[in-house]
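Below are the chains, spelled out letter by letter.
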Amino acid sequence: MSIAAKDVEHVANLARLTLTDDEKEQFTGQLNAILKYAEKLNELDTAGVEPTSHVLPLSNVMREDAPKASLPIEKVLRNAPEAEDDQFKVPAVLE
Amino acid sequence: MSLFNLRLSEVHDRLHHRDLSVQELVEASVARISETDTKIGAFLTLNEEGALAQAKDMDASGAAERGLLYGLPAGVKDNIVTEGLRTTCASQFLSNYDPIYDATVVEKLKAAQSVTIGKLNMDEFAMGGSNENSSFQLTRNPWDTDRVPGGSSGGSAASVAAGQVYFSLGSDTGGSIRQPAAYCGIVGLKPTYGLVSRYGLVAFASSLDQIGPLTKNVEDSAYVLQAIAGHDKRDTTSANVEIPDYTAALTGDIKGLRIGVAKEYLGEGIDPQVKERVMEALKTFESLGAVWEEVSLPHTDYAIATYYLLASSEASSNLARFDGVRYGVRAEDPANLLDLYKKSRSEGFGPEVKRRIMLGTYALSSGYYDAYYKKAQQVRTLIKRDFDQAFERFDLIVGPTAPTTAFRIGEQVGDPLTMYLNDICTIPVSLAGVPAISVPCGLADGLPVGLQIIGKPFDESTVLRAAHAFEGMTEFHKLRPAL
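- The name an unreviewed UniProt entry assigns to chain B is Glutamyl-tRNA(Gln) amidotransferase subunit A, from the organism Cohnella hashimotonis.
- UniProt, in the comment section headed Catalytic activity (unreviewed entry), describes chain B in these words: "L-glutamyl-tRNA(Gln) + L-glutamine + ATP + H2O = L-glutaminyl-tRNA(Gln) + L-glutamate + ADP + phosphate + H(+)".
- Per its UniProt entry, chain B bears the Subunit (unreviewed entry) comment "Heterotrimer of A, B and C subunits."

- The name an unreviewed UniProt entry gives chain A is Aspartyl/glutamyl-tRNA(Asn/Gln) amidotransferase subunit C, with Cohnella hashimotonis as the organism.
- Under the UniProt heading Subunit (unreviewed entry), the note attached to chain A is "Heterotrimer of A, B and C subunits."
- Turning to chain A, the UniProt record has this under Sequence similarities (unreviewed entry): "Belongs to the GatC family."

This is the structure:
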């Protein structure tokens, strides 16, 4: 399976990245090399092998559904690039 | 003798007898950083004022109850959040980020009464094997400043090797504590996945990331692990297991211990001198009464492909939170909200991070999920089974930490695949989630070689016991670079 520059552009869009022409060219070559290398996994027959997403058995951590104090707003907004009226400010979504 | 060449128990003894004050320790650390860091470049942020104030308070209070790490100057990798101390992950994206809380490990360091001197350089978001991917500066190997210190915890390893701090914390996803420890001639421990809380560690690949100590010797490693291990209900991946006394495990007695030597870690691509040092180490284990024989981990050859698909997929998901809205750097004059995300991310992330986000997004995208992501998860099962089967016969598995010694700066930058292949000996261990330590086992052409000792899940005691016994028979951990 090989990927072309237009695939790289599509993936960049999904990943919310804008690439320069140089980056597109570079990533197309590098990703092709890495994916080609990854195809060696197809040498293995994994039929019936359970996937391991995590080495530990995980379970949800539950707590009582009771109201608790939130973080103070000034702390929440301390690192905000832009804030107004105790809220994060972003460009208008609707014109 | 430098204060930082003393063992932890010796430092505590001198503090106890008032031959030494915490202020003297912290001043020694600050002086050493100012003397050497122009050459090494390990520190991104210094906490000189805060550390000195803390030291003075500790000396003045003369606390009778002393923590495990009382008074010891420590460095923390810059992907572990520290309240009020800038945490950047060595990324332009977080160049202005001041955390509003401490990571659990930082709380634990405070409870153990160590003194945080500052934050250490790394590969951006812990992605890399050489420390050349930092957005801010290059960290150099104290043994040869033309060479890399290893990555991604290169700053953490270099600072300990250069005698700037007493110990440091790093994070290991595919070898990022063990490999830089090997390149810098110090001890690096990756605990079992889940033993140390990841709360407050900026996530790269959540199913693999694990925090651990970098120290000058095994005894110190046991002390630091004792201080930071333990269940944390704020981390859903934290294991609820009993924490043994790791220092009590350091008996020096490894008679009858069964060691498997991973033959795939000593095959093609391994530097002959590295192999020789490992074989010499096995003779040392033999002289202590341990027995060893070759063992096969047959799926080793598939580990790197598996790792890069899984880690990149998890990274693409974890790094989606960096959008320029709630924290980090925001791009100027975006046309709309989508443009704000794209511009901020494109300007904020460096090339290695973008490459991995792209790879992960591709592997997770519709139509390719089964071929890449699911397949890699199935191969991860096979790799984990290799370890399960080997540990039915052996107490430990041993091999080199890295195939070569530290390479030259710039040598592999243009070829990511070759760079990834450097991690062949550490990645399978990470995929299986088991603990492993790297200890110095000699030099090759004047550069340190690391011996990797791998244990059963949550059996850090045996790993530390064997490493400590080896150290007791050798002088390699006492070698220091001339700076």
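## Let's talk about the pattern of salt bridges
Part 1: Evaluated as defined, the whole model comprises 29 salt bridges over all chains.
Part 2: Bridged by salt links that share partners, the residues Glu-82, Glu-84 and Lys-89 of chain A together with Arg-330 of chain B form one connected network.

## Concerning helix α9 (residues 303-318) of chain B
Part 1: Over its 16 residues, α9 of chain B extends 22 Å from the first C-alpha to the last, a length consistent with the 22 Å expected when each residue adds 1.5 Å.
Part 2: Burial of α9 of chain B is extensive: 15 of the 16 residues sit out of reach of the surface.

## A look at the interface of chain B and chain A
Part 1: Counting from both sides, the interface comprises 71 residues of chain B and, opposite them, 51 residues of chain A.
Part 2: It is Ile-100, Tyr-302 and Met-358 of chain B in chain B that bury the most area against chain A; as a group they hold 13% of the surface buried on that side.
Part 3: At the boundary of chain B with chain A, the tally comes to four salt bridges.
Part 4: Remark: the boundary between chain B and chain A carries 22 residue pairs in polar contact (both at pLDDT 80 or more).
Part 5: Counting only elements with at least two residues in the side of chain B that touches chain A, the list comes to α9, α10 (337-348), α11 (351-364), α12 (369-393), α13 (416-421) and α14 (427-432) of chain B.

## Overview of the nonpolar core
Residues and elements named next belong to chain B.
Part 1: Leu-69, Phe-125, Phe-285, Phe-387, Leu-451 and Ile-453 are the most contacted members of the largest nonpolar core, which has 165 residues in total.
Part 2: In this structure, Leu-451 is in contact with Val-278, Ala-281, Phe-285, Val-398, Gly-399, Thr-401, Ile-437, Ser-438, Val-439, Cys-441 and Phe-470, ignoring residues within four places of it in sequence.
Part 3: In this structure, Tyr-183, Ala-402, Phe-407 and Met-419 belong to the second largest nonpolar core, which totals six residues.

## With respect to the sheet that holds strand β3 (residues 115-120) of chain B
Strand pairing in a sheet is mediated by backbone hydrogen bonds. Such pairs are either parallel or antiparallel.
Residue and element names in this part refer to chain B.
Part 1: In space, the 11 strands of this open sheet follow the order β1-β3-β2-β4-β6-β5-β10-β11-β9-β7-β8, with mixed pairing throughout. Since the sheet does not close on itself, it has two edges, and those belong to β1 (43-46) and β8 (291-295), each with one partner. Strand-to-strand twist across the sheet, computed as the mean angle between neighbouring axes with direction ignored, equals 30°.
Part 2: Bridge analysis of strand β2 (residues 73-77) against strand β4 (residues 167-172) gives three bridges, and the strand direction is parallel. When the sheet's bridge partners are listed, Ala-74 is paired in β4 with Phe-167.
Part 3: The strands touched by helix α5 (residues 154-161) are β1, β2, β3, β4 and β6 (210-215); relative to β4, the strand with the most contacts, the crossing angle is about 155°.
Part 4: In this fold helix α15 (residues 460-473) packs onto β5 (187-190), β9 (396-400), β10 (436-444) and β11 (447-455), with an angle of close to 20° to the strand it touches most, β10.

## Let's talk about the pairing of β8 of chain B
Moving residue by residue along a regular strand, the side chains alternate between the two faces of the sheet.
Residues and elements named next belong to chain B.
Part 1: Relative to β8, strand β7 (residues 258-262) runs parallel, the two sharing five bridges. From the neighbouring strand, Ile-259 faces β8, where its bridge partner is Trp-292.
Part 2: Between β7 and its parallel partner β8, the chain crosses via helix α8 (residues 272-287), and the hand of that crossover is right-handed.

## Regarding the packing of aromatic side chains
Part 1: Inspection of every chain in the model, using the stated rule, returns 18 aromatic pairs over all chains.
Part 2: Pairing Tyr-97 of chain B with Tyr-327 of chain B gives two aromatic rings, centres 5.6 Å apart and planes at 45°, and the pair type is tilted. Taken together, the residues span a long stretch of sequence, with Tyr-97 of chain B in the loop between β2 and α4 (104-111) and Tyr-327 of chain B in the loop between α9 and α10 at a distance of 230 residues.
Part 3: Between the aromatic rings of Phe-125 of chain B and Phe-322 of chain B, the centroid separation amounts to 4.9 Å while the plane-to-plane angle is 55°, which identifies the pairing as tilted. Of the two residues, Phe-125 of chain B sits in the loop between β3 and α5 while Phe-322 of chain B sits in the loop between α9 and α10, which places them 197 residues apart along the sequence.
Part 4: The aromatic ring of Tyr-302 of chain B is capped on one face by Lys-40 of chain A, whose charged end is 5.7 Å from the ring centroid.
Part 5: Its end group placed over the ring of Tyr-166 of chain B, Lys-216 of chain B keeps NZ or CZ at 3.7 Å from the ring centre.

## Re the UniProt feature "active site" (unreviewed entry) in chain B
Residues and elements named next belong to chain B.
Part 1: Here the UniProt-annotated "active site" (unreviewed entry) positions come out as Lys-77, Ser-152 and Ser-176. Their sequence span is 100 residues, while the largest C-alpha to C-alpha distance among them is just 11.1 Å; these annotated residues converge on one region.
Part 2: Assignment of secondary structure puts Lys-77 in strand β2.
Part 3: You can call Lys-77 buried: its relative accessible area is 0%.
Part 4: Sequence-distant contacts of Lys-77, that is, excluding residues within four places in its chain, are made with Lys-119, Leu-120, Met-122, Ala-126, Ser-152, Ser-153, Ser-156, Leu-169, Gly-170, Ser-171 and Ser-176.
Part 5: Within the local environment of Lys-77, its side chain forms a polar contact with the side chain of Ser-152, the two groups lying 2.7 Å apart.

## Observations regarding helix α7 (residues 218-228) of chain B
All names here are of chain B.
Part 1: Burial analysis of α7 places 10 of its 11 residues in the buried class, the great majority of the element.
Part 2: Within α7, the full set of buried residues consists of Val-218, Glu-219, Asp-220, Ser-221, Ala-222, Tyr-223, Val-224, Leu-225, Ala-227 and Ile-228.
Part 3: The backbone nitrogen of Glu-219 lies 3.2 Å from a side-chain oxygen of the residue at the head of α7, namely Asn-217.
Part 4: In the segment just after α7, Gly-230 is the residue with positive phi, at about 135°.

What counts and what doesn't
- Residues numbered from 1 in each chain as written.
- Chains lettered and ligands numbered in written order.
- Predicted model: local features only at pLDDT ≥ 70, side-chain atom pairs only at ≥ 80, totals over all residues.
- Heavy atoms only, no water.
- UniProt positions renumbered as here; feature names shortened; annotations may be inferred.
- Salt bridge = Lys/Arg side-chain N within 4 Å of Asp/Glu carboxyl O.
- Helix = DSSP H or I, 4+ residues; strand = E, 2+ residues; numbered from the N terminus.
- Expected span 1.5 Å × (residues − 1).
- Buried < 20%, exposed > 50% of the residue type's maximum accessible area, 1.4 Å probe, protein only.
- Contact = heavy atoms within 4.5 Å.
- Buried area = accessible area lost by both parts, 1.4 Å probe.
- Polar contact = N/O pair within 3.5 Å; in protein donor to acceptor, adjacent residues only side chain to side chain.
- Core = buried A, V, L, I, M, F, W, Y, C linked by side-chain atoms within 4.5 Å.
- Pairing = 2+ DSSP bridges.
- Axes fitted to C-alpha atoms, helices over the stretch in contact; angles between N-to-C directions.
- Right-handed = clockwise from strand over helix to strand, strands pointing away.
- Phe/Tyr/Trp six-rings, centres within 6.5 Å; stacked < 30°, edge-to-face > 60°.
- Lys NZ or Arg CZ within 6 Å of the ring centre and 35° of its normal.

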